[in-house]
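# Understanding the architecture of this molecule
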Amino acid sequence: MNGFFVVALVALGVLLVALVLDDVLDGLTDALGGPDWLSLPVLAAVAAGFGLVAGAVEGTTGPTLPALLAGGAGGVGTGWLTARFVAAAVRMPTDPPIRHTDLAGRAGRVVTAVAPRQPGEVLVALGGVRHKLRATAGETIAVGEEIVVVEVTSPTTVVVTPLGLDELTPPSPGRDH
């Protein structure tokens, strides 16, 4: 094993450590004030690319100068690709966070009867998770009936109304409702 492969192995070890301790090391690179694309994973990729390409060239051709030149090109190319991947990951769009206020307008089902002066419980799906919530209503709603959340009063309490056909079908044109 030549010295260039040792450089590549050490750089890959640094890359592994950088990925495992990302949050800790990210704070250190932010404190140094460098550009966003210049990070420990990018530097480790440059060193690994340099070592792998230079080691391969030296192993096949022998002379060190062509190995250094090829390794430099390999390191720059690997670093450029890694910086592009890092930038793409940083700018990747994500869904907005789910909030309890997103429950308004959601349909669900009564699991404990709801009455005007007696709160009950409903199951409402939000973000792929079924939430069991305390529910109040202006009328009695029996167990098993479908409801719609009309107001969210707290993260665990909602105001509901029965889900009738009026909510499911839009009014026909020319008819007064």
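Throughout, residues of each chain are indexed from 1 in the direction in which the sequence is written. With the structure being a predicted model, the display of local features is reserved for residues of pLDDT at least 70 and the display and counting of side-chain atom pairs for 80 or more, all residues being used for whole-chain, interface and lining totals. Values reported for side chains reflect all heavy atoms of the structure, with hydrogen atoms and water molecules removed beforehand.

This part covers the environment of Ala-70. Here a helix means four or more residues in a row that DSSP labels H or I, a strand means two or more in a row labelled E, and each is numbered from the N terminus. Tracing the backbone shows Ala-70 in helix H4 (residues 64-90). Put simply, Ala-70 and Val-57 are 13 residues apart on the chain and 7.2 Å apart in space, counted from C-alpha to C-alpha.

What follows covers the sheet that holds strand E5 (residues 157-162). In this description, strands pair whenever DSSP reports at least two bridges between them. Strand order in the closed barrel formed by five strands is E1-E2-E3-E5-E4, and the pairing between neighbours is mixed. Mean inter-strand twist for the sheet, computed between neighbouring axes without regard to direction, equals 55°. Pairing geometry for strand E1 (residues 107-112) and strand E2 (residues 120-126), over four bridges, is antiparallel. In the strand pairing of E2, Arg-109 is matched with Leu-123. Every axis in this analysis is a line fitted to C-alpha atoms, fitted for helices over the stretch in contact. Angles between the N-to-C directions lie between 0 and 180 degrees.

Attention now goes to the packing of aromatic side chains. Pairing of aromatic rings covers Phe, Tyr and Trp, the last through its six-membered ring, and needs centres within 6.5 Å; plane angles under 30 degrees mean stacked, over 60 mean edge-to-face, and all others mean tilted. Under the definition given, this model contains one aromatic pair. Measuring from ring centre to ring centre gives 5.6 Å for Phe-4 and Phe-50, while their planes differ by 80°; the resulting arrangement is edge-to-face. In this pair, Phe-4 sits in helix H1 (residues 3-20) while Phe-50 sits in helix H3 (residues 40-61), placing the two residues 46 residues apart along the sequence.

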